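Descriptive structure summary
Chain residues, written in single-letter form:
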Amino acid sequence: MVNILSKSKYIAGIQCLKYLWYLINDPEKIPPFDEATRFRFQQGHDAGNLAKALFPQGIEVGDGSDVEAELTRSRELARLTDGPDSDSDDSRRPLFEASFTYKNTFARADILQPSGIDAWNIIEVKSASSVKDINKHDIAFQKYCYQGAGLKIDKCYLMHLNRDFVKDGPIDPKKFFLLEDVTEEAEALAQDVETNVNLMLKTVNDSTCPHLPLSKDCYNPYECPLKDLCWNNLPEFNVFELYRGKNLAFDLYQNGITRILDIEDTSVFNPIQQIQIKTIKENRIFMDSKALKLFLDQLEYPLYFLDFETFSTAIPLFDGTGPYQNVPFQFSCHILKHLKGLPENLYFLAEDDQNDPRPELLDNLKKALGYGHDGIPVAGSILVYYKSFEIGILNALAEAFPQHAWWIEDAIGRITDLYEPFGKFYYYNCKQKGSASLKRVLPALTGISYGDMEIKNGEEASLKFLNTSFFKDGKEVNKIQLEKIRKDLIDYCGLDTEGMIFILRKLYKLAEDSCH
């Protein structure tokens, strides 16, 4: 069987030859795309469709349902062969999804734009706000394939989202997209495409999968779907769990050191990493009692534990928002009047009515944080986990809805970050595996985890809301299903804030015990 490299397989091979081998020879070993990945693909598809509006005279060549027919029609429209389309005036119109083959390569162009009397520009559309190196490999592969098939290529462009775009009425594609000329880079990379293709074909035609060591390619430019398969033999407390030490970890790994326990010279590590190494070697918990007490002493009751859930889309849904802007659709706020008291939970979850959730969220959040109409400042610390995120959301809300700015600015001044004791290692438990995230700290400190939750992370929460509110794809969610999803969303966000209470109480207990 002759293997053909599509541009997606070529990009996979650029990242990892082992992954490419599995794609062609043992695809069942590759985990299916999760919901988040499928959503990202759909976002790219939506951006591509919007970009076509810039070329109203464009011809849609095909949808991939009949590749042979599309190859024939593409050649006719590009005037590479005689046919009914090649004789018509339409043959020099922009082409969408035109397909070509050359040697053992196949590529389908997002947009081929006529240039001059006989040449074409390649326009590759990306649903990102900047050009990445891997995108240039993508377009270089296309240039190689199309030129080999007989097309004369003039310019190569990458069309990406304008990060400064702000929606104001219907999306104007001319303002939404930016066109970046990458002709020189594509030309330089195209010189190596045939060599790369030959190497890739040699690899996939081998009956044995290549053995490749772990490397930064495992997550660059994308996290490899084979990462779990390749990394599952790493021992407990391996060097890749070093806190913010990925580069050091690869240096250690390449020198034969896989376990943190086997590290002898710690001089190259920062103080936090040295604490982590020491706790593992001594099999104990580390705690800086003095720093922890200072952190706890700054808290002012009542305490408000706050967490937002947000979604972001490539194409903004609401006026005043831009590409991939985080839009809050839910919050949970647990209020604790004294340490051992029974917390009160106030929450908000937007309806599935496709309206902008922010105005109603703000009205509810204002009440939850204790602000009335009198404008009197409210006492009490607001605890969040990783404050840059929550503060970023609040600042964006204040800018978009200036009538709320007075109390939002006051609320920001009340924020204390519960991430601090863990990010700065006032406390470290080796069960955290080098992470200070809430998902790792909560079970390590309290034994409570998200394992039994229907929704286990913020990305899942975002997609659940989007798919039942905005992107139903013709699938109707019945009332029982919708109520179940909404309950799951409320439970998930509620555990984020209730979990902070569990963590705080444990920290108080540890600080108290250390004084005795």
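Residues numbered from 1 in each chain as written. Predicted model: local features only at pLDDT ≥ 70, side-chain atom pairs only at ≥ 80, totals over all residues. Heavy atoms only, no water.

**Remarks on the overall build of the protein chain**
Our working rule: The numbering of helices and of strands both runs from the N terminus, where a helix is a DSSP run of H or I of at least 4 residues and a strand a run of E of at least 2. For each residue, the accessible area found with a 1.4 Å probe, counting protein chains only, is set against the maximum for its type, and the residue is called buried under 20%, exposed over 50%, and partly exposed in between. Throughout, a contact is declared for two residues whenever any of their heavy atoms are within 4.5 Å. Using a 1.4 Å probe, the Shrake-Rupley method yields the accessible areas, and only the shown protein chains count as cover for residues. Here Asp and Glu are counted as negative and Lys and Arg as positive; His is not counted, and neither are the chain ends. For this purpose, a charge sits on NZ of Lys, CZ of Arg, CG of Asp or CD of Glu.
When helices and strands are counted, the protein chain shows 19 helices and 14 strands. Projected onto its principal axes, the C-alpha positions of the protein chain cover 90 × 60 × 45 Å. Counting over 516 residues, the protein chain shows a buried share of 49%. In the protein chain, of all internal contacts separated by at least 6 residues, the share reaching a separation of at least 24 is 70%. In the structure as shown, the protein chain presents an accessible area of about 25,700 Å², 49% of it carried by carbon and sulfur atoms. Computed over 58 positive and 77 negative side-chain charges, the inter-centroid distance for the protein chain is 4 Å.

**Observations concerning the sheet that holds strand E12 (residues 382-384)**
To be explicit about the condition: The pairing criterion for strands is at least two bridges between them, as found by DSSP. Every axis in this analysis is a line fitted to C-alpha atoms, fitted for helices over the stretch in contact. Angles between the N-to-C directions lie between 0 and 180 degrees.
In spatial order, the strands read E11-E10-E9-E12-E13; together these 5 strands make up an open sheet with mixed pairing. In this open sheet, the two edge strands, each paired with only one partner strand, are strand E11 (344-349) and strand E13 (415-417). Each strand of the sheet is rotated relative to its neighbour by a mean of 25 degrees, with strand direction disregarded.

**Let's talk about the packing of aromatic side chains**
Here is the rule we go by: Pairing of aromatic rings covers Phe, Tyr and Trp, the last through its six-membered ring, and needs centres within 6.5 Å; plane angles under 30 degrees mean stacked, over 60 mean edge-to-face, and all others mean tilted. By definition here, charges over rings are those cases where NZ of Lys or CZ of Arg is within 6 Å of the ring centre and within 35 degrees of the ring normal.
Applying the stated criterion across every chain, the model contains 29 aromatic pairs. Plain terms: the ring middles of Phe-165 and Phe-176 are 5.2 Å apart, the flat faces sit at 85 degrees to each other, and that makes the pair edge-to-face. Highlighted residues: Phe-165 in the loop between strand E6 (152-161) and helix H6 (173-176) and Phe-176 in helix H6, separated in sequence by 11 residues. You'll find Phe-165 and Phe-176 in the same group, each marked buried. Through a chain of ring-to-ring contacts, three or more aromatic side chains come together here, namely Tyr-219, Trp-231, Phe-240, Phe-250 and Tyr-253. Above the ring of Tyr-450, the side-chain terminus of Lys-439 is found at 4.5 Å from the ring centroid.

**Section: the pattern of salt bridges**
The cut-off we apply is this: Between Lys or Arg on one side and Asp or Glu on the other, a salt bridge is scored when a side-chain nitrogen of the former is within 4 Å of a carboxyl oxygen of the latter.
Under the definition given, this model contains 25 salt bridges. Across the pair Lys-126 and Glu-124 runs a salt bridge whose closest N-O atoms are separated by 3.1 Å. Of the two residues examined, Lys-126 and Glu-124, each falls in the buried class. Lys-136 is the partner of Asp-133 in a salt bridge, and the nearest nitrogen-oxygen pair spans 3.9 Å. Of this pair, Asp-133 and Lys-136 both sit in helix H5 (residues 133-149), 3 residues apart, which is roughly one turn of that helix. For Asp-133, a relative accessible area of 57% translates into the label exposed. Residue Lys-136 is classed as buried on the basis of its relative accessible area of 18%. Overlapping salt bridges bring together Lys-7, Glu-124, Lys-126 and Asp-138 as one network.

**Some remarks on unusual backbone geometry**
Cis geometry marks the peptide bond from Asn-220 to Pro-221; its omega dihedral reads 10 degrees. Along the chain, Pro-221 turns up in the loop between helix H8 (193-204) and helix H9 (227-231). Pro-302 follows Tyr-301 through a cis peptide bond whose omega is 0 degrees. One non-glycine residue, Asn-283, adopts positive backbone phi at about 50 degrees. Mapped onto the fold, Asn-283 is located in the loop between helix H11 (271-282) and strand E8 (286-287). In this structure Asn-283 comes out as exposed when scored by relative accessible area, which is 64%. Backbone geometry at Phe-425 places phi at a positive 60 degrees, although glycine is not the residue there. As for its position among the elements, Phe-425 is in the loop between helix H16 (420-423) and strand E14 (427-428).

**A short note on helix H3 (residues 35-52)**
Because an α-helix packs 3.6 residues into every turn, residues spaced three or four apart end up facing the same way. The condition that has to hold: One less than the residue count of a helix, multiplied by 1.5 Å, gives the span that helix is expected to have.
The end-to-end C-alpha distance of H3 is 26 Å, a good match for the 26 Å that 18 residues give at a rise of 1.5 Å each. Turning to H3, its buried residues number three or more, namely Ala-36, Thr-37, Phe-39, Gln-43, Ala-47, Gly-48, Leu-50, Ala-51 and Lys-52.

**Digging into helix H15 (residues 405-413)**
To keep it simple, the criterion reads: Comment: arc refers to directions from the helix axis out to C-beta atoms.
Of the residues making up H15, those classed as buried are Ala-405, Trp-407, Ile-408, Ala-411 and Ile-412. Each buried residue of H15 lies within a common arc of 165 degrees when the element is viewed along its axis, so the set occupies one face. For H15, the exposed residues lying more than 90 degrees away from the buried face are Glu-409 and Gly-413. Contacts made by the buried residues of H15 are with helix H13 (358-368), E12, helix H14 (387-400) and E13.

**With respect to the packing of H13 against H14**
Packed helices, taken two at a time, are described by the angle between their axes plus the distance between the axes. The following threshold applies: Angles are sorted into four bins: roughly parallel if under 35 degrees, roughly antiparallel if over 145, roughly perpendicular if 65 to 115, and oblique for all others. Crossing handedness: left-handed means the near helix sits turned counterclockwise from the far one by under a right angle, and right-handed means the same turn made clockwise. Any residue that is not Ala, Val, Leu, Ile, Met, Phe, Trp, Tyr, Cys, Pro, Asp, Glu, Lys or Arg is counted as polar, Gly included; the first ten are nonpolar and the last four charged.
Between H13 and H14, the shortest axis-to-axis distance is 12 Å and the interhelical angle comes to 110 degrees. One finds that H13 runs roughly perpendicular with respect to H14. Handedness of the crossing formed by H13 with H14: left-handed. Facing H13, whose interface residues are Arg-358, Leu-361, Leu-362 and Leu-365, H14 presents Leu-394, Leu-397 and Ala-400. In the contact of H13 with H14, the residues fall into 6 nonpolar, no polar and 1 charged.

**Overview of the side chain of Asn-162**
Filter applied, for reference: Pairs of N or O atoms are called polar contacts if they sit within 3.5 Å, as long as, within protein, a hydrogen donor faces a hydrogen acceptor (for residues adjacent in sequence, only side-chain-to-side-chain pairs).
Counting through the fold element by element, Asn-162 comes out in the loop between E6 and H6. For Asn-162, a relative accessible area of 15% gives the class buried. Within the structure, Asn-162 has its side chain in polar contact with the backbone oxygen of Lys-175 (distance 3.2 Å). Apart from residues lying up to four places away in sequence, Asn-162 is in contact with Lys-175, Phe-176, Phe-177, Leu-178 and Pro-323.

**A short note on the side chain of Asn-135**
Its place among the elements puts Asn-135 in helix H5. Among the polar contacts listed, one links the side chain of Asn-135 to the backbone nitrogen of Lys-132, at a separation of 2.9 Å. In contact with Asn-135, other than residues within four places in its own chain, are Lys-126, Ser-130, Leu-158 and Tyr-222.

**Points about the packing of helix H12 (residues 289-297) against helix H19 (residues 479-514)**
Contact pair H12 / H19: the axes reach a minimum separation of 10 Å and the direction vectors enclose 130 degrees. Our classification of the angle between H12 and H19 gives oblique. Crossing of H12 over H19 shows left-handed handedness. Every residue of H19 that contacts H12 at Ser-289, Leu-292 and Leu-296 is listed here: Leu-504, Leu-507, Tyr-508, Ala-511 and Ser-514.

**Here's the deal with the pairing of strand E9 (residues 303-311)**
Along a regular strand, successive side chains alternate from one face of the sheet to the other. The buried fraction of E9 is high, at 9 of 9 residues. Residues Leu-303, Phe-305, Asp-307, Glu-309 and Phe-311 point to one face of E9 and Tyr-304, Leu-306, Phe-308 and Thr-310 to the other, with burial holding for every one of them. The pairing of E9 with strand E10 (residues 327-336) spans 9 bridges and is antiparallel. Bridge pairing links Leu-303 to Leu-336 in E10.

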